[in-house]
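Listed below are the residues making up each chain.
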Amino acid sequence: MNASSPHHPRRRVLAAVTALLASMLPLSGHAQTAFPDKPVKLTVGFPPGTGPDVVARLLAQKLGELLKQQVVVDNKAGAGGQIAAQSVAKSAPDGYNLLLGEVGSIAIAPPAFSKLPYDPARELVGLSEVVRADFLLVVPATSPHKTVADLVKASKARGDKTNMGTFGAGTPGHFGAELFADAAGFKIEPIHYRATGDAVTAIVAGDVSGAFVSTALGAAQIKGGKMRALATTAPQRSALLPEVPTFAEAGMPAIDFSAWFAVFAPAGTPAAVLDQLNRQIVAAVQAPETRSKLQEAGFSVSGTSRADTERMLKAEATRWAAAVKATGFKGD
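Residues numbered from 1 in each chain as written. Predicted model: local features only at pLDDT ≥ 70, side-chain atom pairs only at ≥ 80, totals over all residues. Heavy atoms only, no water.

Participant: How should empty space enclosed by the protein be read in this particular structure?
Facilitator: Enumeration over the complete set of coordinates arrives at one cavity of 30 Å³ or more. Looking at the largest cavity, its volume works out to about 40 Å³. Taken together, Gly80, Gln82, Gly104, Ser105, Ala109, Phe113, Ala169, Gly170 and Thr171 make up the full set of residues lining the largest cavity. Here the element with the most residues in the lining of the largest cavity is helix 4 (residues 103-112); it accounts for three residues. (1 Å grid on protein atoms, 1.4 Å probe; cavity = no way out; pocket = protein on both sides within 12 Å on 5 of 7 lines; lining within 4 Å. Points joined across faces, edges and corners; volume = space filled by probe spheres on them. Helix = DSSP H or I, 4+ residues; strand = E, 2+ residues; numbered from the N terminus.)

Participant: How do you make sense of unusual backbone geometry when you look at a structure like this?
Facilitator: Excluding glycine, a negative phi dihedral is what most residues carry, and trans is how most peptide bonds are arranged. Note that the residue after phenylalanine 35, namely proline 36, is joined by a cis bond; omega there is -5°. Relative to the assigned elements, proline 36 resides in the loop between helix 1 (9-33) and strand 1 (40-44). For lysine 68, which is not a glycine, the phi torsion comes out positive at approximately 60°. Considering the arrangement of structural elements, one finds lysine 68 in the loop between helix 2 (51-67) and strand 2 (71-75). Residue classification places lysine 68 among the exposed residues on the basis of a relative accessible area of 71%. For alanine 79, which is not glycine, the phi dihedral falls at a positive 55°. Structurally, alanine 79 can be placed in the loop between strand 2 and helix 3 (82-89). (Buried < 20%, exposed > 50% of the residue type's maximum accessible area, 1.4 Å probe, protein only.)

Participant: Would you mind going over the nonpolar core with me for this structure?
Facilitator: Generally speaking, soluble globular proteins have nonpolar side chains that are buried together. Counting 46 residues, the largest nonpolar core has Leu137, Val148, Phe180, Phe212, Phe247 and Trp260 as the members making the most contacts within it. At the level of elements, helix 3, helix 4, strand 4 (124-140), helix 6 (148-157), helix 7 (172-184), strand 8 (227-232), strand 9 (258-266) and helix 12 (306-327) are the ones that each hand at least two residues to this core. Broken down by element, this core gets its largest block of residues, six residues, from helix 4. The residues contacting valine 148, other than those within four sequence positions of it, are Leu137, Phe180, Leu230, Ala231, Phe247, Ala250 and Met252. Within the second largest apolar cluster, 33 residues are counted, among which are Val40, Val263, Val273 and Phe299. (Core = buried A, V, L, I, M, F, W, Y, C linked by side-chain atoms within 4.5 Å. Contact = heavy atoms within 4.5 Å.)

Participant: I keep staring at the packing of aromatic side chains and nothing clicks. Help me out?
Facilitator: A ring pair, where both rings are aromatic, is described by two values, the distance of the centres and the angle of the planes. Scanning all chains against the criterion turns up 12 aromatic pairs. The interplanar angle of 70° and the centroid separation of 6.4 Å between the aromatic rings of phenylalanine 175 and tryptophan 320 together place this pair among those described as edge-to-face. With phenylalanine 175 in helix 7 and tryptophan 320 in helix 12, this pair connects stretches of sequence that are 145 residues apart. Of the aromatic side chains, those joined through ring pairs into one cluster are Phe113, Phe135, Phe175, Phe180, Phe186, Phe212, Phe247, Phe257, Trp320 and Phe329. Here the guanidinium or amino end of lysine 38 rests over the ring plane of tyrosine 96, the centre of that ring lying 4.7 Å away. (Phe/Tyr/Trp six-rings, centres within 6.5 Å; stacked < 30°, edge-to-face > 60°. Lys NZ or Arg CZ within 6 Å of the ring centre and 35° of its normal.)

Participant: How should the packing of helix 4 against helix 12 be read in this particular structure?
Facilitator: When two helices pack together, their arrangement is given by the angle between the helix axes and by the axis-to-axis distance. Packing of helix 4 against helix 12 brings their axes to within 8 Å, and their N-to-C directions diverge by 50°. The angle between helix 4 and helix 12 places the two elements in the oblique class. Helix 4 and helix 12 meet at a crossing whose hand is right-handed. Mapping the contact onto sequence places Val103, Ile106, Ala107, Ile108, Pro111 and Ala112 in helix 4 and Leu313, Glu316, Ala317, Trp320, Ala321 and Val324 in helix 12. Looking at the contact of helix 4 with helix 12 residue by residue, the class counts come to 11 nonpolar, no polar and one charged. (Axes fitted to C-alpha atoms, helices over the stretch in contact; angles between N-to-C directions. Parallel < 35°, antiparallel > 145°, perpendicular 65-115°, else oblique. Left-handed = near helix turned anticlockwise from the far one by under 90°. Nonpolar A, V, L, I, M, F, W, Y, C, P; charged D, E, K, R; others polar.)

In structure tokens:
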């Protein structure tokens, strides 16, 4: 039989293969345009009711509307956000597993913990910074200290270290306390609390001399008369607490840091999915109703491009690696 004949076995096989490939193309195209076709999980490394959880739930609500799919918040609390970060870093890179990561588990943990079970720079991709939170140096309402200078003077006069509460070893509040003490010239004994509620209770009860807490967390306690704020780490006074001076106004301009929260996906997630998620995340946090609620909760709203997010992450990695080295902290 002539090989050019349409009935030749070789021609029949070729035709069958061509038809199969053609039939697969629409399916492939459909798979790309259909994302997401099931609920998306947003993992956060802190308990319900905390600042990070508030951000996650406000973001999830609006993001779900834009994606036309439910976005489920999954609280995996513990180890200063490291459990959640590890969970997402090791998950399937398909766009359905996202992390609301923060400065502690992403930028501080790598230089502070030599046995960290995940590598943020290699296993996670930053999608967008969504909010920032400045910190307040607070003392119990019953404390005799009314200013930063009062606390520094009393700490220097102590015969031993000053107890400072933290929300976990290696967290921004922990390093804020270390940097503050180093700049002021006294020593601290960090008291690490595993649960946010325990730390707040200890501060209010006077079990520690002070602590660095986020404005989002501290504002209600301060307005309720349970804590006193001595200074804010922000470059300008907070709209929530305009009576609280900045550290620069208190004579310590070097104390200038904040916590940030960004959305991450596992490395290897398709670029088209990453781009789509970035657009929707930025739209979600910048939507007027979401922005307003986040600001009321004490956060400043960002919403950055993927490129700007990557630049921020590299700068923060360098910044906090230097801070960890300066304090000599080792988490393991």
